[in-house]
Amino acid sequence: MSRYSAFALLRNWLGGNTDWDPVWRSPEPASSYDVIIIGAGGHGLATAYHLAKHYRPGRIAVIDKGWLGGGNTGRNTTIVRSDYFYKESADFYDHSLRLYASLSQELNFNIMYSARGILNLAHSRHEVDFQRRIVNAMQLNGIHAELLGREEVLKFCPVLNGDPNARFPIYGAMRQKRGGTVRHDAVAWGYARAADALGVDILQNTEVTGFRRDISGGVQGVETSKGFIGATKVGIATAGHSSVVAQMAGFRLPVASYGLQAFVSEPVKPVLHTVIGSAVIGSYCSQSDKGGIVCGGGIDPYPSFAQRGSAATMEKVLAGIVQLVPTFSSLRLLRQWAGIVDYTADSSPIIDRSPVPGIYLNVGWGGGGFKAIPAGGEAFAHLIAKDEPHPLTTAFGLQRFRDGALIDEAAAAGIEH
Amino acid sequence: MMRIACPNCGLRDEREFAYGGEAHIDRPELDCDDQAWEEYLFLRANPKGEHAERWVHVHGCGVWFNLIRHTETHEVVAVYVMGVARP
């Protein structure tokens, strides 16, 4: 892998830009690997990168039925934050945010981390009280957050609807300054390039169709659209399709899959320099570097594997955006898309061994997987290499559903994820 | 927009309805073991394909009913009343 630098830019410019290396190889599958990761999204690629860099378990492959970064990693609203309530979540997600902050240097690939801050608006006295509770919890967990009054909010972000008689008047906001955005495609591409350089085979357009197991029940490998590929350790990082892959291996998961939509408008001049959102309205948005207003909201209200989204939810989310910023009502949408996300009952992930020996799980992220990619990859690599949970994810096991030890962030932090 | 045929009111837009989870899940006896309780509370079929589920016509007649819907195409294959076995 040739290193990206100002010097490399200059040298390739002088050479007419004909000398760039391919960013990753497109190898044919080997007959077997030591570790196979199913799903070449952010979590799968980050896991392969950490495995190859820190644990060296032998040959590693990441396989995907489509192209790398073509699922939810390329379909989200690019927001990263760590405004969680429980210590287990706070420690994990804040570690992830810290890894994001230095990821461009780590991967030698510009992921465009922009700590533009996240502003969650409060529209009533009671919401102000609720935000005070969350901010206190965050401070106790060692994560900086602050409360802003109405005047401070409107001064900081004048594009917001400041009408005191608005349907959702602004009473204040909580802000995490270190939150912000990351270029989502660059995360997939950066991890793919770095993993490939460490010898990981990324097998695109290779769909898993089943598992082969030995007499004792342990995994021997996966059947794919390109034939059988052997492996004694297989990691599942397939987001919304986790239950489909689990069914092939013969077990069920405590997840339900839903469509989660996002929208981007035509590009306009800089008007919004932070991320704004409202839990009551159920919508949030930011402005991309290209100028588009990137909007998101709640999940579609029924299970789905269709990557297109419900028109009723689209209308609800966008009506909310127009409540927050009335001038956005004149914008036209350029694109709309939906990713399939697998939700657990407590909106916390599952990073654990599966009921089948040799199969490992990195699933159940719901709509919150993108922000967790660097730490998720690190923890999943640890789990696969050592066959025991990473210290930051011991609370996120499958057993919690049997024990009732849920980490219920949906209730505690007041966010779906 | 998905359209659903309410057993009482006929074909209406999805926004008149609310989804109520997977159908045909029976609560086990209260002295069951933790595994049975976990399965009842948390483990779901979540298929990519036909799914039996409960819906309520919340902005209509208010009746609960079951339907079978394909989770990839959103095609409603069958609608049937509560208490009846899956067709």
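Every value quoted in this text rests on a predicted model; they were computed, and no experiment measured them. Sequence order as written defines residue numbering, which begins from 1 separately in each chain. The naming scheme follows written order: chains are lettered A onward, ligands numbered 1 onward. Residues qualify for local features only when their pLDDT is at least 70, as the model is predicted, and side-chain atom pairs are given and counted only at 80 or more; totals for whole chains, interfaces and linings, by contrast, use all residues. For side-chain calculations, the full set of non-hydrogen atoms in the structure is used, while hydrogens and water are omitted.

## A closer look at the interface of chain A and chain B
Consideration 1: In this description, contact between two residues means that some pair of their heavy atoms is separated by no more than 4.5 Å. Each partner contributes residues to the interface: chain A has 27 residues there, and chain B has 24 residues.
Consideration 2: A combined buried area of about 2,200 Å² lies between chain A and chain B, and 52% of that area is made up of carbon and sulfur atoms.
Consideration 3: Buried area, as used here, totals the accessible surface that two parts lose on assembly, with accessibility defined by a 1.4 Å probe and the loss added over both. Looking only at chain A, the three residues that lose the most surface to chain B are Arg252(A), Tyr302(A) and Arg402(A), adding up to 31% of its buried area.
Consideration 4: Between Glu39(B) and Arg252(A) there is a salt bridge; the shortest N-O distance is 4.0 Å.
Consideration 5: Under the rule applied, a polar contact is a pair of N or O atoms within 3.5 Å (in protein, one hydrogen donor and one hydrogen acceptor; residues adjacent in sequence only if both atoms are side-chain atoms). For the pair chain A and chain B, the interface holds eleven residue pairs in polar contact (both at pLDDT 80 or more).
Consideration 6: Elements are defined by DSSP. Helices are runs of H or I of four residues or more, strands are runs of E of two residues or more, and each kind is numbered from the N terminus. Of all the secondary structure elements, the ones that give two or more residues to the side of chain A that touches chain B are α8 (242–249), β13 (256–265), β16 (293–303), α9 (311–324) and α11 (399–403) of chain A. Any carboxyl oxygen of Asp or Glu that lies within 4 Å of a side-chain nitrogen of Lys or Arg is treated as forming a salt bridge with it.

## Notes on the packing of aromatic side chains
Residue and element names in this part refer to chain A.
Consideration 1: Aromatic pairing here means that ring centres of Phe, Tyr or Trp (its six-membered ring) are within 6.5 Å. Orientation follows from the plane angle: under 30 degrees is stacked, over 60 is edge-to-face, and everything else is tilted. Summed over the entire model, instances satisfying the criterion amount to 15 aromatic pairs over all chains.
Consideration 2: A centroid spacing of 4.1 Å and a plane angle of 10° characterise the contact between Tyr84 and Tyr93, whose relative ring orientation is stacked. As far as the burial class goes, Tyr84 and Tyr93 line up, both buried.
Consideration 3: Ring centres of Phe92 and Trp365 lie 5.9 Å apart, and the angle between their planes is 25°; this geometry places the pair in the stacked category. Separated by 273 residues along the polypeptide, Phe92 in helix α3 (residues 87–101) and Trp365 in the loop between β19 (359–363) and α10 (373–386) bring together distant segments of the chain.
Consideration 4: Here the term buried applies to any residue with accessible area under 20% of the maximum for its type, exposed to any over 50%, and partly exposed to those in between, with areas from a 1.4 Å probe on protein chains only. Given the relative accessible area of 1%, Phe92 is considered buried.
Consideration 5: Judged by relative accessible area, Trp365 falls into the buried class, the value being 4%.
Consideration 6: Counting every residue linked through ring pairs, the aromatic cluster contains Tyr84, Phe92, Tyr93, Trp365 and Phe396.
Consideration 7: Should the NZ of a Lys or the CZ of an Arg lie within 6 Å of a ring centre and within 35 degrees of the ring normal, that charge is described as sitting over the ring. Here Arg167 stacks its cationic end above the ring of Phe168, 4.4 Å away from the centre of that ring.
Consideration 8: A cation sits over an aromatic face here: Arg175 above Phe156, 4.5 Å from the ring centre.

## Re the confidence of the model for chain B
Consideration 1: In predicted models, pLDDT denotes the confidence assigned by the predictor to each residue on a 0 to 100 scale. For chain B, per-residue confidence averages 96 on the pLDDT scale, and 100% of positions sit at 70 or higher.
Consideration 2: Across the interfaces of the predicted complex, the ipTM metric reaches 0.96, alongside a pTM of 0.96.

## A word on the pairing of strand β10 (residues 219–224) of chain A
Residue and element names in this part refer to chain A.
Consideration 1: Here five bridges tie strand β9 (residues 208–213) to β10, and the two strands are oriented antiparallel to one another. Across the sheet, residue Arg213 finds its bridge partner in β10, namely Val219.
Consideration 2: Remark: five residues form the turn of the hairpin made by β9 and β10, two consecutive strands paired antiparallel; Gly217 in that turn has positive phi of roughly 100°.
Consideration 3: Only strands joined by at least two bridges in the DSSP assignment are considered to pair. With four bridges connecting them, β10 and strand β11 (residues 227–230) associate as antiparallel partners. Residue pairing across strands places Glu223 opposite Phe228, the latter belonging to β11.
Consideration 4: Here β10 folds back onto β11 in antiparallel fashion, the turn holding two residues.

## As for a nonpolar patch on the surface
Consideration 1: A grouping of Leu10(A), Trp13(A) and Leu14(A) is seen on the molecular surface, where their side chains present a nonpolar patch of about 380 Å² in accessible area.
Consideration 2: Counting through the fold element by element, Trp13(A) comes out in helix α1 (residues 6–14). A patch is a set of surface residues, each over 30% in relative accessible area and not in a salt bridge, joined within 9 Å for like charges and within 5 Å for the nonpolar side chains Val, Leu, Ile, Met, Phe, Trp and Tyr. Note that accessible areas follow from Shrake-Rupley with a 1.4 Å probe, and for residues the cover is restricted to the protein chains shown.

## Focus on the sheet that holds strand β8 (residues 201–203) of chain A
All names here are of chain A.
Consideration 1: Read from one edge of the open sheet, six strands run β8-β2-β1-β12-β19-β18, paired in mixed fashion. Edge strands, defined here as strands with exactly one partner in the open sheet, are β8 and β18 (350–353). Strand-to-strand, the axes of this sheet are offset by a mean angle of 15°, without reference to chain direction.
Consideration 2: Across the sheet, α10 is in contact with β1 (35–38), β12 (233–236), β18 and β19; its angle to β19 comes to roughly 165°. Fitting a line to C-alpha atoms yields each axis, with helices limited to the stretch in contact; the angle taken between N-to-C directions then spans 0 to 180 degrees.

## A look at helix α5 (residues 125–140) of chain A
One turn of the α-helix equals 3.6 residues, which is why residues spaced by three or four share an orientation.
All names here are of chain A.
Consideration 1: Multiply 1.5 Å by the residue count of a helix minus one, and that product is the helix's expected span. Between its terminal C-alpha atoms α5 stretches 23 Å, which fits the 22 Å expected from 16 residues at 1.5 Å a residue.
Consideration 2: Within α5, the full set of buried residues consists of Glu127, Val128, Gln131, Ile134, Val135, Ala137 and Met138.
Consideration 3: Among the structural elements, β4 (118–122), β5 (146–149), β6 (172–176) and α12 (409–412) are those in contact with the buried residues of α5.
Consideration 4: Positioned one or two residues after α5, Gly142 has a phi angle of 80°, which is positive.

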